[in-house]
Amino acid sequence: MKHLIDPMDLGVEEINDILDLADDIIAHREKYSTACKGKKLATLFFEPSTRTRLSFEAAMMELGGNVLGFSDANSSSSTKGESVGDTIRIVSYYADIIAMRHPKEGAPMLAAAKALVPIINAGDGGHNHPTQTLTDLMTIRREKGRLSDLTIGFCGDLKFGRTVHSLIKAMSRYENIRFILISPEELQIPDYIRTEVFDKKGISYRQVSSMDDVMPELDILYMTRVQKERFFNEADYIRLKDTYILDCKKLKKAKPDLSILHPLPRVNEISTEVDDDPRACYFTQAHNGKFVRMALIMTMLA
Ligand code: CP
């Protein structure tokens, strides 16, 4: 039994296979309509979500399977003091695979130790979000035709943004990726990403505070929301939340084939006028999330 807790739980070849399967699902939807008939997915969301939970549920339905679960921890027995371990063990009796999101970093790993079925980490605190990473890789591959030889700029909250941490780890395995980290000093990437990923692998990266200065270099611009829910102090959030706002004027300096990604939800960091720019990929990216989760569920249940 294999769990997906960290993006590095999947090898490069396994990722390629999942992305190939997702592409095939898009091309031949009907072929997969009963692929998970008789199987059940539980979605246990101890933290809010729109895309991840609903795309997981839509994915399982499109595969002919069924879904159960909760979208609010307050409607579960965790409010009575039940541990994550006990919750997971019980849900293992009712479902064939579990996708869980939890505000505590490491909770899905703890759950995996108690689970009787495969666990998928659907986001743990500011740590990891491996299925968003699959979504991001799928989008980059479909937009660019490759996952190597790219300059990618991560912009915004690089400290708390779990999608950034997971995607940096995953992209560090491809050839000739140039990382440009655009953030205010307070929201720079955590030290463990610096030491465990960049330093350990000898990957060079640049940390800058100006989006404008690096815009002409970028093949991918990965925008992120400042993660209000992870701040200890509201004044800091208010001071930092609008540091970067991408608009059409800023994009004048960008390459004509730039791809703009964002895991969503967005707040102010991408002006809605950018939505009509052909370089905006973030809604397609969210759509891809359903297909790549279909491919992942099929793979993990195989
Ligand atoms: N990208 C993402 O994780 O979105 P949700 O929080 O809506 O699931």
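Procedures and definitions
Residues numbered from 1 in each chain as written. Predicted model: local features only at pLDDT ≥ 70, side-chain atom pairs only at ≥ 80, totals over all residues. Heavy atoms only, no water. Phe/Tyr/Trp six-rings, centres within 6.5 Å; stacked < 30°, edge-to-face > 60°. Helix = DSSP H or I, 4+ residues; strand = E, 2+ residues; numbered from the N terminus. Buried < 20%, exposed > 50% of the residue type's maximum accessible area, 1.4 Å probe, protein only. Domains from an automatic or database assignment. Contact = heavy atoms within 4.5 Å. Buried area = accessible area lost by both parts, 1.4 Å probe. Salt bridge = Lys/Arg side-chain N within 4 Å of Asp/Glu carboxyl O. Polar contact = N/O pair within 3.5 Å; in protein donor to acceptor, adjacent residues only side chain to side chain. Nonpolar A, V, L, I, M, F, W, Y, C, P; charged D, E, K, R; others polar.

Caption draft 1: Just the packing of aromatic side chains, in detail. All chains considered together, the criterion is met by eight aromatic pairs. Measuring from ring centre to ring centre gives 5.2 Å for Phe46 and Phe70, while their planes differ by 85 degrees; the resulting arrangement is edge-to-face. Taken together, the residues span a long stretch of sequence, with Phe46 in the loop between strand S1 (40-45) and helix H2 (51-62) and Phe70 in strand S2 (residues 66-70) at a distance of 24 residues. The burial state of Phe46 is the same as that of Phe70; both residues are buried. Grouping aromatic residues by their ring pairs yields a cluster made of Phe154, Phe179, Phe198, Tyr205 and Tyr222.

Caption draft 2: Broad picture of the domain arrangement of the protein chain. Along its sequence, the protein chain is carved into domain 1 (7-128 + 289-301) and domain 2 (130-286). A C-alpha centroid distance of 25 Å is found between domain 1 and domain 2. With 32 residues of domain 1 at the contact, the number on the domain 2 side is 28 residues. For the pair domain 1 and domain 2, the two sides together bury roughly 2,500 Å², of which 56% comes from carbon and sulfur. Counting the contacts that link domain 1 with domain 2 gives five salt bridges. Here Glu47 ties to Arg230 by a salt bridge, and the two come within 2.9 Å at their closest N and O atoms. In this structure, the connection of domain 1 to domain 2 is made through 15 residue pairs in polar contact (both at pLDDT 80 or more). Only helix H1 (12-27), H2, strand S4 (119-124) and helix H11 (282-301) provide two or more residues apiece to the side of domain 1 that touches domain 2. With eight residues, H1 is the largest single contributor of residues to the side of domain 1 that touches domain 2. Considering only residue class, the side of domain 1 that touches domain 2 consists of 14 nonpolar, ten polar and eight charged.

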